[in-house]
Structure formats: structure tokens, C-alpha cells
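# Close look at the chain arrangement
Spelled out from the first residue to the last, the chains are:
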Amino acid sequence: MAGLAPVTLNSAGASSGTTTPNPASATDSHSIAHSFEASVEPIKTQHGGADSIRRIRTDNDLSRTPTEEELFRALSRRITTRPTNDEPADHGEIENLLSRIFGESRQAASEEEKTRHSGVVFRDLTVKGLGLGASLQPTNTDIFVGPFRGIRNLISGRSFQKAPVRTLLNGFTGCVKPGELLLVLGRPGAGCSTFLKVLGNQRAGFEEISGDVRYGGEDWAVMQKRFRSEVLYNGEDDLHYATLTVKETLEFALKTRTPGKESRVGGESRKTYVSEFLRVVSKLFWIEHTLDTKLGNNIVRGVSGGEKKRVSIAEAMVTKASCQCWDNSTKGLDASTALEYVSSLRALTNMARISTSVALYQAGESLYDLFDKVLLIDEGRCAYFGPTEEAKKYFEDLGFECPSARWTTADFLTSVTDPHERHVKPGWENRIPRSAEEFETAFRNSEMARKNLLDIETFEASLNNGQWAQPTSDASQRKKNYTISFPAQVAACTSRQFKVMYGDKLSLAARWVGVAFQSIIVGSLFYNLPSNALGVFPRGGILFFTLLFNALLALAELTAAFESRPILMKHKSFSFYRPSAYAIAQVATDLPLCAIQVTVWGIITYFMCNLARTASQFFIFLLVTFFLTLSMYSFFRALGSYSANLNSATKLTGVAIQALIVYTGYLIPPGSMHPWLKWLKWINPVQYSFEVLMANEFHGLNIECVAPYLVPANGPGITAAHQSCLIQGSRPGQTIVKGEDYIQSQFTYTRHHLWRNVGIIIAFWLAFVVLTAIGLELQKPNKGGAAVTVFKRGETPRHIDDALEKGSPPPGDEEMGEKRPIPATLGDEKHEAPVDHIAKNDTVFTWQNVSYTIPTATGEKILLNNVSGYVRPGKLTALMGESGAGKTTLLNTLAQRITFGTVKGTFLVNGHTLPLSFQRATGFAEQQDIHEHTATVREAMRFSALLRQPMEVPVEEKYAYAEKIIKLLEMEDIAGAIVGHQGVGLNQEQRKRLTIGVELASKPELLMFLDEPTSGMDSAAAYNVVRFLRKLADAGQAILCTIHQPSAILFENFDELVLLKKGGNTVYHGPIGRDSQTIIKYFEANGAPKCPKRKNPAEYILEAIGAGNPNRKERDWGEVWRESPEHRMREEEIETFIRERSGNANSAAMADNRQFAMPISTQIAAVMKRTFVSYWRSPQYAIGMMMLHIFCGLFNSFTFYKLGSSTIDMQNRLFSIFMTLTISPPLIQQLQPKFLEIRDLFTARENNSRIYHWSVWVVAAIVVELPYRIVAGTLYFICWYYPVKYPRNSSSSGYTWLMMMLFELYYQGFGQLIASFSPNELLASLLVPVFFIFVVSFCGVVVPYIAIPTFWRKWMYWVSPFTYILEGWLGVLTHDVKVQCSDKEFALFSPPNGMTCANYVSDFLKTSGGYVEESNGECRFCQYATGEEFSRSFHVTYDHRWRDVGIVLGFVCFNFVFVFVCTWAYMGGAKRLMKRLRKA
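Residues numbered from 1 in each chain as written. Predicted model: local features only at pLDDT ≥ 70, side-chain atom pairs only at ≥ 80, totals over all residues. Heavy atoms only, no water.

Of the regular secondary structure elements, the protein chain holds 52 helices and 34 strands. Put simply, the protein chain has 1480 residues, and 61% of those count as buried. Sequence separation of 24 or more characterises 79% of the internal contacts of the protein chain that already satisfy a separation of 6 or more. Accessible surface computed for the protein chain: about 54400 Å², of which carbon and sulfur atoms make up 57%. (Helix = DSSP H or I, 4+ residues; strand = E, 2+ residues; numbered from the N terminus. Buried < 20%, exposed > 50% of the residue type's maximum accessible area, 1.4 Å probe, protein only. Contact = heavy atoms within 4.5 Å. Areas by Shrake-Rupley, 256 points an atom, 1.4 Å probe, with all protein chains shown as cover.)

See below:
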């Protein structure tokens, strides 16, 4: 081996020459071992444009054959071009192994490589965004005041002014060459995300982007049009389908990015490629053990946060893009995993020769050393761009100094942009740049800027000289937006959608059970329909019901569409597939699901209802229902694809459902439709379906006319020759009506249209699919723009007020990153004033032998294993460990927040069992920063102080304490800012400070728990949080805090450490020591490598225990701890604490034993106020609700405009009422997310802190809706009642309005009742049509009372609330109305010779009602003489109207009571009850 000649790596990082391994056999252990003997000897990178060169040399010391496991583990070590002399250079093997996937060695003649655009150059890149960076919170007041403000602005001329524009990035110039890794630094809001989005070619949302950006010499516009897949932007959010496993998620990504045969290893199949890539990537990020675990979310249990982050990184790595931009992707990762992530990016960048840019907010020195270049952004301006090793010297030459050897270079660079954090050399105070503009000027005039320009010129020259692979003339004409063909994209998405659906078995089961249940109910309602006249109307009813049910069930697609849209947009940006492929895949998924749904419904209802028993008619019924269901699913998706949010979509669906139902032809026959809306029937697929079903069912049906449709039916001398039938299509003297004549006369339907209509329905379906595809294609992923801080009107800082008044940007950073005075240096800490007047405590919290197990499919899984420890006052304790070690699990267990699984162990406060007030008396800062998004910072603090501090403390004192916390957290300027959402509201750091603040405002009496308080922050912000915690601990607080990526500076602020490893095993618990010497000596004494002098101690201890590597086979550090004297010492200390404090009388009375601090009345008042304010600040919700009522009211009124007094007008009165009832499903689906939002806030944070009782938020959620429902119902009443020409007397109109209010309250309670036992919005929306159809089925409209089967008529008719709403309205609105039949409505017959019409039917009229006229010797019989006769045919009595009011009110109360009952059950009450019953 020693005689092998040296070889060099080609442009893809693979070796060339005699040592190049055969890619096709690289998995072979011998070839791996052979190539493992090579190691990398770097040659110093030259930054004058020359690329870094790596040389392979042989090493005779490697005598044994390494395993593949060792190859992957070696990746955790440095792979950059700057190793130290004592490091073994054995990383060539990792590159060789990875080159099988990423490198050019995979395919020397790869078609994929021919079109690769390597390297990115940007010149004078300037980005501008709309807005001031601040705005005022809109409220419902704006609905009324808005028009007047508009007039004022019109007069003042502001309406003609252009929207203000802010510069987000200013004149950036630089390049990232192939194989280079760029680190992007800046404080939150500096412009890092904007830079990465634009560099990642995600330009949507910005007002203006100027300058030149080229990828491998190709313009950005060409790349966006033809080579989209080569540029990647990956945001910090982990967006995945919760019900997919890790393996399914990654396999899907791989299938969509598997190259063609010409770009794969010879003979390698797509399946082999996917499995090999999956194997490499899963090992690369150590997620092999999670492959069969679901990703999960707040409801579905899945992988840990760190593991989910690794899946996100692996998914993005699959793209193999030439230019990759990663935005704060280490958020939530521990230090070791973050290092592995960047190391993997380093290896990928080397192997594939890609250009990689990464924004990191907390970059340790080991991370920093992996990068080639660094970009420092200050307020949207370039403060530095150049080599990482020269950055520190550059700023030192400007007059800055690094205050401590423990400071990382990244921390130092970020600190110079903060006037309150930077350190200046003595004598340089007046010479350093201070503003962002001065930093930019200094850099542009520097030698480094000139080197940067030379670097660009050299790189561009190398492109022109053909040094880098460029598209050939033929290949350049090809598009490379997507790796696989469009049909393959559809196939992959279809397969995934089935897995997503199957993973959510609860929703799937709910759908099938609901369909089967409803079909049985409806089938029994229309059971065994007779073929005579009595079955005519119900026969049309079951056909209409079939279409209505399937259409309403499709409404749930809206909720699902908006839930999955963020994932779709992410995958679109990754170029996995076209959104249109996803749209078609959804349709492909619909086919079997809708087939099952329609078959279940059809088989049960069709035969139970005794519909036409021929094979052709049955299968036509199924076919039409199937295509109509598909059409409706696609219709609602199409509406959603063009809507910004669910509220906007609901406005459309509410009116759409009305149009679909009313203009079907069943409720209003086509001949009775008003001409101005009659055209709706031609664009209504339900109408075409109904015509087919009616024509199909009544074909060949001879309808025998029987009473009460036979006229006259009884009396002396009545014969068939002198009888007629009230059914349309009848002929004088005949008592048999042909089905074809009936549908032709009543509906103008004919069977000749059957197959024409089927084609039209399919055409509608396909049109909706196309519209959905277009709508989704138009959606833009990763929309950028200026972040906005939203303030409550009247609480804006003066400079923001002035800016809003003038319409110019306020002073401050470019993306609204906040400037605040922070003495952030370690050296200055001793000069800071201590925290005064903060609640202190003298309690010691201990836990012993804590174990936590959860049941899994394979048995019990141990998450915590006999963990013991303590937290004491005045000490800041860190809880650390790798991702998935159980840090958050332990924190939740200690805080008594575990509701699933089995917890064992002893928890004591001062030697006593935990008091009832424990959860209230401890502060717990959640990692997720969950808050009421419409509250201001001050309101959130006051709410916490009011409800969590003891009732003995005056309210004024509580609020004063909240103000003190605001001041301590330096949040005075944003005290009036709305929490909002990311991008519109507080930024990450501000949210985290608010999370800590609301816990401090509660004045915790026992201790503080904090879960990842520095996650997602930059190093300066993280240090400020930890510094503040240090001050709290010094003031007497006991604090336990999990932390992921502590720098050496951060780590030194902690006093003690609890360290966990995989499996929830304790590795260390005890003091950290000055300069971390205590813990370092412990690990060194027990066999860990010696800690380098400048090594970050936090990273050192994680590396020592093998954090992040589940395959590590070294010693068990958990066992080492259990056998150590330090462990015995901790156990003795715990026993001492318990012994000494358990007998202390003061300790026993340490906290009150009240579960809640304030009485229930105060809780209700506070939560009610907050909820009303939240609704008042959500005008979109209020406007959506009001507009839906107004549109539906006007649609109803103009559909039934100015009703007359004919029989069909009486029927239209009934259907207008029925149409009003049908507005409830979209309104319910609109209100359910608000209810669930309030519940989620309570369950996620406020319940665990025992801020208020669960019943309090239910009261608030119910009461807050009432005024809105009353106003909305009144608007509907006004729009509906008067244009229809209902009775104008005050008693009728007043009664109708009152019943309208009860109806509003009924469906509110009904919707909240369904939501109260639903775990998520999707299931709640699925259940709405099931329950609605069930309630509306028995009210006597679809099936008249007399036709309802006896079983249901005896009880179900009477327990349907719509029965009484309908009776109340119909009885009043037909009272004292005389009926005058139109010519078409008369039943015609001739009297016997010698008799007049009056004499002939006199006996019949006494029993049936109606009246008769004689015209030209022919009798004309009208079925009804008065409105009361019509209403009586539907079992409606005017005298019952006030009884109906009382009964409906009872139903309203029933709904609201059961909202409480179901919420109690959902919150664990049912489980507790079952446990008690089992014990009893």
C-alpha cells in the first residue's frame, strides 16, 4: 500500500487515480476497508480565488479492517481543511462513502451533473419590503370607524401616497464557490433570513429586489424557470405529516429526488437507490432507531424535538441542490447534534461541491471552524464578508477586542454590532464604526472587500474557462425543475397520501363509522318506501339526502387543506413535486375512499328504502353518487386553494352550500326559480346529479294515486272516471301517474339527459381538479417581507407613534429586531445592580429514584431510569443531555405535568409531600412560548400576576409587580406590543422573555422550571436570558433549566448540572465548579479524554459520553456514575436535606394548600375579559361571521323573493326556513377552531400551572360568542325576513327574530359540543355533517311527519330540536295566509252528470280541506285553502309556538351543559371516573 501514488480529488470531492473505489461495489466491506486506509492531508486554502485542494496519502499504521459503523462515527470529527497536527487525518473514507450518494464519483458521466450550476455570485443585492416595521392592532372598532378614517385619509391625501418601503438588505456583494460553506451571522432581525431566502431564490413577498444573483453563471430568473431544483432554502420550522413514520417521510423525499437511470450507478434500480440513500442518511444523523416511529405533533405521539429536527435536515439533504441555504436549522438541537449537523453539511459540501450558506444564532468555536467564509449583517447592511479565519483580526484592527478567551469567534463578531455589548480597545473609543452604515462603509473601503471582489472575478473567470462543470448546449435546453416525471410525482404523492390517511386511524374510523351510522339512520327513516303516491315525495327526499350528505361530508376537506398547506409549500420549495401533482394525488386518493363511502351508503340506504330493484338502476345510482362526491371534494379544495385562510374560505363555502342545496331542483322546482338566480342551476353539479337520480329512479315507475293525493277520495257516487291526482303529471280521470310524466311536469327532467348529465358531472369534477391545481401552483412558498411589531392603539412608544403618523420607517433595525440596553458582558456582570424585590424562597426540591415508562406496541419503554437529584435556592441548575435523552421528559415529570404512562419515585419539597398548590407555586417556562396571541406583553404579565399570586395580595400590588418584571426584562418599549404570530408580532427573543416574564409575574413560591429558554436565540440574547436567570438565582430563586447549546460563557453561569444520556439515565449530578474544573476533572478521572484548554466544557462532556451516537460501544457512563463516590455523596446530601427540613415547622407551612390562588369568580372575570378582548382584536373572525350571515340571508331572500299565496309559495315558505337551518354547518366549522384554540392554550400551558379551573375557559368560550351570534343573527333576520315578504305585523316578526336568536345559540352550543370531545379540528369538522344530518333528518321536512316510520316518529321526531324551530317559524309565517292555487296546481276532474263540483266534493272537503272551483264544467281542486292547512300537513300547529320557544331554549341549555360534561371527560375526567369504578 505504501507504494501507491498520491492522487487528488476531482471537483466533486471524489478521488481519481488508481485508488478510486468502484462505486458499484462500495458497500462491500473489503472495498470500504481498502479505501479506509487513505486519509486526508489538507493543504491550506488560498482565498485569492484558488480552490482548496485535498491530497490522499497512505497510512501504514492502519492495519486492521474498520467497520462501516466506525466510518460513520468518524464523521463527527472535523472534516474541514484546517485540522490540528495531532488529529488523525482519516476522514477520506467518510467522503468516499458519502460520495456514493452525493459526489461526482457516483456517476462520472452523470446526466444530472451535466446541468449542475456550481457556485453563487451576488452583486449589489438590495432587498426592500413594504411596511413600517410597526403597525396598530386592528379591532372590531375598525369595522365602524374604518370608513371615516378612509375619508380623512382621502381628504388629507394619504390615500394617494405609496405604501412606505424599508430597505432590508443594502448592496450585498460576494460569492460562495463550489465546496464552500458560508456562515451567516447577525442578531435577530438583522436580515439573515431575508438574505438566505433571496439567495435561495425564494423572492415572493418582497417589494423590490435589485442587483445581480447568478448560480454557476446563470441568472436567477433562468434558474427559477428551468433549474429550480438546484437551489434550496430550508427554514427553521419542522413541517411534516405527523402520522407518517420517519422512514416513510424520508422514503417519499427520496422517491421524488431519485435521478434517472442515466444518472445512477450501472444496474442500480430506483428501489436500491432509495434504500441505500436512506441507510446512509439515517446513519449520518443517527435516526436509525426512529425509522419506524411517527413524526408526531401536539396530539400524535412521535419522535423527540431534536430527532424531528434531524429528520428535517435529512429531508433537505435529499435534494442534493447545488446551492443550499439553511436558516437557523440547529434550533432545538443539543450541542453535539448541532456539531454533527454542521459536520454533515461540511462533508456534503465537500463531496457534492455545492455552495452552502447557513445561519446559526449560537455557533460554538468547533462549529465556526467548519466554515470557510462568514457574513456579518447589521441592520440589513454588510459589516463583513470573507474568510472565517480573518474575520476576528479584521474587527480587532477596527478597534474592537474579544474580552475573554472563552468567547467564541461568532459571539465576538455578533457583539460588535451591539453598542451595549461591544468591547473597544482603550483609545479607540472615537475611531470605531458605531452605526450599521459606518460598518458598511468601513468594510467597503477595506482590503477585505477588494479581496472579495477579486475572489468573485477569479471564480467567474474559472466558470468561463470551463473549470467547473457547466451545462452543455444540449443539456442547457432542458429543464431540471423536478427530478422525476409528472406521473411519477403523482404516484409518489398518492402513495404518501394513503399512508398519511392510514396513519390517522381515528379520523378514518370516524369517517366510516359516521357514514355507516348515518346511512342506517337515513335508511330506516325512508324505510321500505311504497311505490304509490305516498312514496313520491320521500323518494325524491332520499335521493336529495344522498347528494346532500356526501356534499357536506366533503366540507371537511377545507380544514385538511389548510392544515397540510405549509408542508405542501415546503415541498414545493424543495422541488419534490409540483403542487398540481399533489392536487391530482388527492383525487387519486379520493377514488377508493369515495368508492367505499358511496358503496357503504348506497348498499344500506338503497335497499332499506326499497328503491328500484334492477341492476342497471342500482349501479347508475352508485355511479352518479360516486362522481358527485368526487366533484364536491374537489370543489371545496378548489375554494380553499384560492383562499388565504380558513376564515376566508368559510365565507365562500357558506354561500356555496346554500346554492348547491337550493338550486338542486328539489326544494325549488326549476319552474319556480327567480330568473336572476336561476342560472345557478346550470353551474350546479348537484342539480345534474339530482336529475339523473330522479330520472333513473322514476323510470318505468307507475305511481298509483292514493289518499290524500286522490281527489276526491271519498264520498257518495265517486268513481275513478271522475277522480284526479294531486301529483304533477296526472291526467283527468286517471289514478295512475307515470314516473316519467311526474318528473317532466314537476321538474322538467327527462331520462334522455342521463348520460349527458353524467358527462357534465365528470366535466365539473375535472374542472374543479384543474382549478385546484392552478390555485395551488399560484401559492408562493417561504414568503418574505419585513417583520412587523403590532402595538395596541394608545400604547405605542413615541418614536413608533411618530413613524406611524408620518408614514416613514421608525429608527431601529431593518427587520424590527429590537435594540435595548443590555450589559451583556461577563466582565461587567459584577457591576450590575442585583435584582431587588423579587420573590425569594428557602425550599429545597428533591426527587429520588424517579422512573417513567410508557406503553408501546412492543412493550414498556423506559424514558427515565431511577433519576435522583435536587434543586436548592440560590443555585442555577442546568439539565443537559443529547436530543432524546429525556431532558424535557424529566422536567415535565418533576413539574407533575405527566398525564400518560407510569411515573414512580419520590418527590419532596423540604422533606414533605408536594402540596396541592405545587403546580401553581412553581414557575414553568415552556419551550414552545405559548401565549394568547392577541394579548399585549403587559396584559399577559398582569393576567399571570392576577390569577397566580395569592388572593391576599391587593390587585394594585400585583399589577405593580408585573410592571417591575417588565422593567427587569427590559421590555418597557414593547409592553404595549401584541404577542401575535411569527413575522407579525414579537420576535423569538421577545417571546422567550415574555414566557419567562409571565412565570416570574406569578411570584413563584417554590422554584422555577425552564425548558430550553435559549433555543432559537442568538448568542447575545441567549446570554442575556441566562444572565437574568443568574441574577434571579442570586436573589434566592431555585431554578432548574434545560439547555441545548451552551457556550463556555453561558455554561459558567450555572452552579450545578444534571446530565442525562439516552434511556433517561443519570450521567452526572453535582457542581460544575469554577471554569468548569470540577466536572471536567470528574470525567477525566473516569477515563474520558483530556479536555483541550480552549474547548467548550459543555461540548466536551457531551462528546465524552458519546452524545448523539446511539451506536457508541464505549463504557456505560450511567454505570460509572452509579458506582462513583460523587453519586453516593449526592444521595447523602438528599437524605440530609430531607432529614433536616422535614422537622422544620416553617418548612411545613411553606405554601398554602389551595389548588388555585384566586376564587372562581375572579377567575371567570379575568378569563372572560381576556377572551372578549381577544375576540375584539380579531376583526377577521367577526367580519367572516357577519358576512356569512349577510350573504346567506340575502341569498335566501332573493331566492324566495316576494313569495305569493300559491301552494308552491307555501312550500317555498317551508324551504326558505329549511334553507336557514342549513347555514349552521359552515358557521359551526367557523366557530370550532376558536373554541379549540382557547382549549389548546389552556391544556398546553395554563392548566399545568393551575392558573384557573377548566370550567372557567368553557364559560368564557360560550359567553364570548353570545353577543356576536345575536348581532349576526339579527343581520341575517333583516336580510332574510323582509324581502321574502313574510307577515309584517310586530308579533310575527318579533317571534321570528326571537326564534332566530335561539337558533343561533343552538348551533353555537351544538358546534362547541362536537368540538369539546374532538382532539383536533379535522375530526371536529368531519363530525359536523354526521351530526347535522342526523338532527335535520327527523324535523319533518325531508320526510313529512306522517311518512316517518313509526319507530322514529314515536321518539326521534320529538327529540330533534329542528322540529320545534321549524314548527315555530312555519306556524307563525303561514298563519292567517289565504292560499290561491295557480292554474298548474289545480287537480282537474269532471263531476258526474247532474252534479255540481261543490256537491260532488262537499263531503271530501270536510275531511281534507282545500277548496274547489268550477270552470267550463270542469272541477278545479286546490289542496289548501289556508296557510294553516298547509302547515298542518307537516304536523305544525300555530298554537304550539310558545311551547316551541321553551323547548328550543331547553335544547340550547342542554348543549351548553354537555359542552361542560364532554370537556370534563376530554380533560381526563372520564379516565379518573373509570379508575375509581375499577377500584370500587
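To continue, consider the side chain of Glu 1012. Tracing the backbone shows Glu 1012 in the loop between strand S28 (1008–1011) and helix H34 (1019–1034). An unpaired buried charge is present at Glu 1012: no salt bridge exists, and Lys 887, the closest side chain of opposite charge, is 4.7 Å distant. When sequence neighbours within four positions are dropped, the list of residues in contact with Glu 1012 reads Lys 887, Gln 927, Lys 992, Thr 1042, Ile 1043 and His 1044. (Lys, Arg positive; Asp, Glu negative; His and termini not counted. Salt bridge = Lys/Arg side-chain N within 4 Å of Asp/Glu carboxyl O.)

Bringing helix H6 (residues 192–199) into the picture now. Most of H6 is tucked away: 7 of the 8 residues are buried. Every buried residue of H6 is accounted for by Cys 192, Thr 194, Phe 195, Leu 196, Lys 197, Val 198 and Leu 199. Positive backbone phi, approximately 60 degrees, marks Asn 201, located one or two places after H6.

This part covers the packing of helix H44 (residues 1224–1246) against helix H45 (residues 1254–1281). Viewed as axis vectors pointing N to C, H44 and H45 meet at an angle of 150 degrees, and their least axial separation amounts to 10 Å. Put simply, H44 runs roughly antiparallel to H45. Our pair here, H44 against H45, has a crossing hand that is right-handed. Touching Leu 1227, Leu 1231, Phe 1235, Ile 1238, Arg 1239 and Phe 1242 of H44 are Trp 1254, Trp 1257, Ala 1261, Glu 1265 and Arg 1269, all from H45. Across the contact of H44 with H45, the residue classes break down as 8 nonpolar, no polar and 3 charged. (Axes fitted to C-alpha atoms, helices over the stretch in contact; angles between N-to-C directions. Parallel < 35°, antiparallel > 145°, perpendicular 65-115°, else oblique. Left-handed = near helix turned anticlockwise from the far one by under 90°. Nonpolar A, V, L, I, M, F, W, Y, C, P; charged D, E, K, R; others polar.)

As a further point, take the confidence of the model for the protein chain. Within the protein chain, residue pLDDT values average 81, and 84% of them lie at 70 or more. A low-confidence stretch, residues 1–94 stays under pLDDT 50, and its non-local contacts, those more than four residues away or across chains, total 175 contacts. Throughout residues 469–477 the model reports pLDDT below 50, and contacts reaching past four residues in sequence, or to other chains, amount to 17 contacts. (pLDDT = per-residue confidence, 0-100.)

All chains considered together, the criterion is met by 45 salt bridges. Its salt-bridge partner being Arg 938, residue Glu 963 comes within 2.6 Å of it at the nearest N-O pair. Note that Glu 963 is positioned in helix H32 (residues 955–968) and Arg 938 in helix H31 (residues 937–948), a separation of 25 residues in sequence. Its relative accessible area of 25% is what places Glu 963 among the partly exposed residues. Here Arg 938 falls in the partly exposed class, since its relative accessible area comes to 23%. For Glu 1265, the salt bridge is made with Arg 1269, and the minimal N-O distance between the two is 3.0 Å. Of this pair, Glu 1265 and Arg 1269 both sit in helix H45, 4 residues apart, which is roughly one turn of the helix. Under the relative-accessibility criterion, Glu 1265 is labelled buried at 0%. With a relative accessible area of 0%, Arg 1269 lands in the buried category. By sharing partners, the salt bridges in this structure join Lys 792, Glu 795, Arg 938, Glu 939, Arg 942, Glu 963 and Arg 1177 into a single network.

This part covers the sheet that holds strand S21 (residues 859–871). Reading across from one edge, S21-S20-S23-S24 is the order of the 4 strands in this open sheet, with antiparallel pairing throughout. Each having just a single partner strand, S21 and strand S24 (912–913) make up the two edges of the open sheet. The pairing of strand S20 (residues 845–856) with strand S23 (residues 902–909) spans 7 bridges and is classified as antiparallel. Bridged to Thr 846 within S23 is Leu 908. Contacts between helix H39 (residues 1125–1142) and the sheet are confined to S20, S21, S23 and S24, with S20 contributing the most and set at about 115 degrees to the helix. (Pairing = 2+ DSSP bridges.)

Of the volumes computed, that of the largest cavity is approximately 220 Å³. Considering the residues around the largest cavity, the lining is formed by 21 residues, among which Gln 362, Thr 408, Asp 411, Ser 1019 and Ser 1047 are closest to the centre. Put simply, the parts of the chain that give the lining of the largest cavity at least two residues each are helix H11 (335–352), H34 and helix H35 (1048–1051). In terms of residues, the lining of the largest cavity owes the most to one element, H34, which gives 3 residues. Of the residues that constitute the lining of the largest cavity, the class distribution is 11 nonpolar, 7 polar and 3 charged. (1 Å grid on protein atoms, 1.4 Å probe; cavity = no way out; pocket = protein on both sides within 12 Å on 5 of 7 lines; lining within 4 Å. Points joined across faces, edges and corners; volume = space filled by probe spheres on them.)

So, on to the environment of Phe 122. Here Phe 122 is to be found in strand S4 (residues 120–130). A relative accessible area of 1% means that Phe 122 is categorised as buried. Through-space distance from the C-alpha of Phe 122 to that of Gly 171 is 9.4 Å; in sequence the pair is 49 residues apart. Not counting residues within four places of it along the chain, the set of residues in contact with Phe 122 comprises Phe 172, Thr 173, Gly 174, Cys 175, Phe 195, Leu 199, Asp 212, Val 213 and Phe 385.

Before going further, it helps to examine the packing of aromatic side chains. For any pair of aromatic rings, geometry is given as the distance between the ring centres together with the angle between the planes. Here the structure, examined in full by the defined rule, presents 90 aromatic pairs. Summarising the aromatic geometry, the rings of Phe 1386 and Tyr 1411 are spaced 6.3 Å apart at their centres and angled 85 degrees between planes, so their arrangement reads as edge-to-face. One end of the pair, Phe 1386, is in the loop between helix H49 (1361–1373) and strand S32 (1387–1389); the other, Tyr 1411, is in strand S33 (residues 1411–1415), with 25 residues separating them in the sequence. Summarising the burial analysis for this pair, Phe 1386 and Tyr 1411 share the class buried. When the ring centre of Tyr 959 is taken as reference, the NZ or CZ atom of Arg 942 above it lies at 4.6 Å. (Phe/Tyr/Trp six-rings, centres within 6.5 Å; stacked < 30°, edge-to-face > 60°. Lys NZ or Arg CZ within 6 Å of the ring centre and 35° of its normal.)

Right, let's get into helix H23 (residues 646–662). End to end, H23 covers 24 Å across 17 residues, agreeing with the expected 24 Å (1.5 Å per residue, within 8%). Counting buried positions over the 17 residues of H23 gives 13, a clear majority of the element. (Expected span 1.5 Å × (residues − 1).)

The next subject is a positive patch on the surface. On the surface, a cluster of positive charge is made up of Arg 301, Lys 1471, Arg 1472, Lys 1475, Arg 1476, Arg 1478 and Lys 1479. Looking at where Arg 301 falls in the secondary structure, it is placed in the loop between helix H9 (270–284) and helix H10 (305–317). (Patch = residues over 30% accessible without salt bridge, like charges linked within 9 Å, V, L, I, M, F, W, Y side chains within 5 Å. Charge placed at Lys NZ, Arg CZ, Asp CG, Glu CD.)

To continue, consider a nonpolar patch on the surface. There is a patch of nonpolar side chains on the surface, built from Phe 1454, Val 1457, Phe 1458, Val 1461, Trp 1464, Leu 1473, Met 1474 and Leu 1477 and spanning about 700 Å² of accessible area. Position of Leu 1477 among the secondary structure elements: in helix H52 (residues 1441–1479).

Another aspect to go through is the environment of His 674. Tracing the backbone shows His 674 in the loop between H23 and helix H24 (675–678). Taking the C-alpha atoms as reference, His 674 lies 7.8 Å from Tyr 1201; in sequence the two are 527 residues apart. Excluding residues that lie within four positions of it along the chain, His 674 makes contacts with Phe 1198, Thr 1199, Phe 1200 and Tyr 1201.

Glancing now at the sheet that holds S32. If you walk across this open sheet you meet the 3 strands as S32-S34-S33, and the pairing is antiparallel. Each edge of the open sheet is held by one strand with a lone partner, namely S32 and S33. When strand polarity is set aside, the average angle formed by the axes of neighbouring strands in this sheet is 25 degrees. Against the sheet, helix H50 (residues 1397–1408) contacts S32, S33 and strand S34 (1418–1422), and its axis sits at roughly 165 degrees relative to S33.

Attention now moves to the pairing of strand S6 (residues 165–176). The element S6 is largely enclosed, with a buried count of 10 among its 12 residues. Relative to S6, S4 is paired through 8 bridges, and the arrangement is antiparallel. The partner of Phe 122 across the bridge, within S6, is Gly 174.

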